[in-house]
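A structural walkthrough
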Amino acid sequence: MPATDTLAPPADSRAPAAAASQPDNIGRALPANLEAEAAFLGAVLIDNKVIEELSTPIRPEHFFEPVHQRVYERVLRLLDRNSVATPVTLKPYFEQDEALQSLGGVTYLAKLTADGQGLLASRELAEQIYDLALLRELVSVGRGLVEGALDTSEEVAPMDKIAQAEADLFRVAEGATGDSQATDFRSATLAALKMAEAAMNSGGGLSGKTTGLEVIDQKTAGLHSSDLIILAGRPGMGKTSLATNIAFNCAAEHMKWQREGGTYNFGAPVAFFSLEMSADQLATRILAEQAEITSESLRSGKITRDEFQKLSAASQKLADLPLYIDDTPALTIAGLRTRARRLKRRHDIGMIVVDYLQLLQGSGRANDNRVNEISEISRGLKTLAKELNLPVIALSQLSRAVEQREDKRPMLSDLRESGSIEQDADMVWFIFRADYYHEASRPDMPGPESSPDAREKYSVWEERYLELRNRATLIVAKQRHGSTGNVPLHFHAEITKFTSPNKKDYSDWGEQ
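To start, this report covers the structure provided alongside it. All values reported here derive from a predicted model rather than from experimental measurement.

**Side note on the pairing of strand S2 (residues 270–274)**
- Counting buried positions along S2 gives 5 out of 5 residues, so the element sits mostly inside the fold.
- In the sheet, S2 pairs with strand S3 (residues 323–326) via 4 bridges, with the strands oriented parallel. When the sheet's bridge partners are listed, Phe 272 is paired in S3 with Ile 325.
- The sheet contact formed by S2 and strand S4 (residues 351–355) spans 5 bridges and is parallel.

**Quick word on helix H1 (residues 34–46)**
- With 13 residues, H1 should reach 18 Å at 1.5 Å per residue; the first-to-last C-alpha distance of 18 Å fits that figure.
- Summarising burial for H1: 10 of the 13 residues are buried, a large majority.
- Regarding H1, the residues found buried are Leu 34, Ala 36, Glu 37, Ala 38, Phe 40, Leu 41, Gly 42, Ala 43, Val 44 and Leu 45.
- The distance from a side-chain oxygen at the start of H1 to the backbone nitrogen of Glu 35 is 3.2 Å, and the residue carrying that oxygen is Asn 33.

**Overview of the nonpolar core**
- Formed by 76 residues in total, the largest nonpolar core has its most connected members in Ile 230, Ile 352, Leu 381 and Trp 429.
- Of the residues forming this core, the biggest block, 8 residues, is contributed by helix H11 (residues 239–260).
- The residues touching Ile 230, leaving out its near neighbours within four places in the chain, are Leu 357, Ala 394, Ser 396, Leu 415, Ile 421, Ala 425, Met 427, Val 428 and Trp 429.
- Of all hydrophobic cores here, the second largest spans 29 residues; its members include Ile 51, Leu 103, Tyr 108 and Tyr 130.

**Comments concerning the pattern of salt bridges**
- A complete count under the given rule lists 9 salt bridges for this structure.
- A salt bridge links Arg 70 to Asp 97; its shortest N-O distance comes to 3.0 Å. Of this pair, Arg 70 sits in helix H3 (residues 66–80) while Asp 97 sits in the loop between helix H4 (87–94) and helix H5 (98–101); the two residues are 27 residues apart in sequence, bridging distant segments of the chain.
- For Arg 70, a relative accessible area of 32% puts it in the partly exposed group.
- Between Lys 344 and Asp 348 there is a salt bridge whose closest N-O contact spans 3.4 Å.
- Ionic contacts of the salt-bridge type, sharing partners, join the residues Arg 337, Arg 341 and Glu 387 into one network.

**Structural notes on the packing of aromatic side chains**
- Following the criterion strictly, the structure yields 4 aromatic pairs and no others.
- Where Phe 40 meets Phe 63, the ring centres are 6.2 Å apart and the plane angle is 35°; that geometry is what we call tilted. Taken together, the residues Phe 40 in helix H1 and Phe 63 in the loop between helix H2 (49–52) and H3 connect sequence positions 23 residues apart. Both residues of the pair, Phe 40 and Phe 63, belong to the buried class.
- Taking the centre distance of 5.0 Å and the plane angle of 45° together, the rings of Phe 63 and Tyr 72 count as tilted. Here Phe 63 matches Tyr 72 in class, with each residue buried.
- These aromatic residues form a ring-pair network of at least three members: Phe 40, Phe 63 and Tyr 72.
- The ring centre of Tyr 93 lies 4.2 Å from the NZ or CZ of Arg 74, which sits over that ring.

Criteria and thresholds
For every chain, the first residue of the written sequence is number 1, and numbering continues from 1 along that sequence. Local features are withheld for residues below a pLDDT of 70 in this predicted model, meaning they are given only at 70 or higher, and side-chain atom pairs are given and counted only at 80 or more; totals for whole chains, interfaces and linings count all residues. To obtain the side-chain values, all non-hydrogen atoms of the structure were used and water was disregarded. The cut-offs for exposure are 20% and 50% of the maximum accessible area for each residue type, with area from a 1.4 Å probe on protein chains only; residues under the lower value are buried, those over the upper are exposed, and the others partly exposed. Elements are defined by DSSP. Helices are runs of H or I of four residues or more, strands are runs of E of two residues or more, and each kind is numbered from the N terminus. Here a strand pair is declared whenever DSSP counts at least two bridges between the two strands. To estimate the expected span of a helix, subtract one from its residue number and multiply by 1.5 Å. Polar contacts, as used here, are pairs of N or O atoms within 3.5 Å; protein pairs need one atom able to donate a hydrogen and one able to accept it. Residues neighboring in sequence count only if both atoms are side-chain atoms. Think of a nonpolar core as a cluster: buried Ala, Val, Leu, Ile, Met, Phe, Trp, Tyr and Cys residues, connected wherever their side-chain atoms sit within 4.5 Å. Whether two residues touch is decided by their heavy atoms; if any such pair falls within 4.5 Å, the residues are in contact. What counts as a salt bridge is simple: a side-chain nitrogen of Lys or Arg found within 4 Å of a carboxyl oxygen of Asp or Glu. Two aromatic rings, drawn from Phe, Tyr or Trp (for Trp, its six-membered ring), form a pair once their centres lie within 6.5 Å of each other, and the interplanar angle then sorts them: stacked below 30 degrees, edge-to-face above 60, tilted otherwise. Only Lys NZ and Arg CZ are tested; either one counts as a charge over a ring when it is within 6 Å of the ring centre and within 35 degrees of the ring normal.

Structural data, given as structure tokens:
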């Protein structure tokens, strides 16, 4: 990697100030190649179209020499006004530039175009300038980490320093040393056409990551990159069960695609942040679902030899499942984002599940109330979805207001502690099981001496219970890219598993 201390100037000119030879605070020269910068600028001034043909996005801050930064910035401004950038058109802007005077004045601009060698390898020069700029960014991240660690005048918060350093490193790794560039409409339309083609060829209108539940995929067209999906419900509704089902199905689809191939991959490796359950508890639940053994029997050891063989077979089958469980307790939103970036780099995750939002902690930098903290967390999750370009499913509790109403079906106003959750979310789902509430109203079992009214009351209750049993509804209360409405689901309570029902059996499902 070139790292020169001086610029070999064009003939009869003096070198620019030896910026590359200026040491950092550990006495070493920062990586730079001033000859490459000069040659590239010369190529640009000879043929302005060089900039248009670059595959590497070069910006003024990527140049190490300040004079080169100012020259390139002025070139871009001229081109933005549909003007031509040459040594002559640049002359008025640099006649009073003291740093350029030390190089011989505006004649230095003409010297840059003297031999035109930069035209032969303009792309390679641009790539090297860009790569060296990234190396300097790495040096800056390291220096900032050292200085931040040494400075304890305001607070002692090592985890915050680590989180910030990892965020900076992730940006450098992604090549995001500055603001992201706007996407031209042609590129955007091509991406939209590709998504539409995937949906058409899937046979089921699926263009995002699959949930593994056909009725949900039909309603949402899958889970799309950069989307934040809030899955909310009261305790006992099955939020975690549905989330684990979706996480497993998406990871299993990716594993199937790896083995069998195909044009489109509707699955992805999944990161599951479980703040409520431990990793082994979550794994036990998934194993029980796939082996179709009740979790209660599994925990108590009351399983037959045949069931144990089914469990063992399921365990071997799922050994390579790309599902990564992080059960770190009391995780902050900054810590979650740090861990998610790490999983993205190591395993290229394509979906994140957080169980659940209210157990995350904010930055804690101020004595904010809980509403402000939840707002910070929901914004952080949406930012994470956009930053890593993947869907994030965050489970959320609902307020007790649901229990006070005769109609127990949740609504957007029931989202607990913050209206910003609704605002930040691209989709809001509520899971609702009428049998849960109907079970709570169970009358006493009639005995031999019970009155006819008591027997009739229990009979009516039982008949309704049999209608509602194992039925669930996913209420799509908000969908930024589509319609809202109810999605029928079948809930196997014994193994805590959701499946798509036979629609002909649930024609009246919206009226449960």
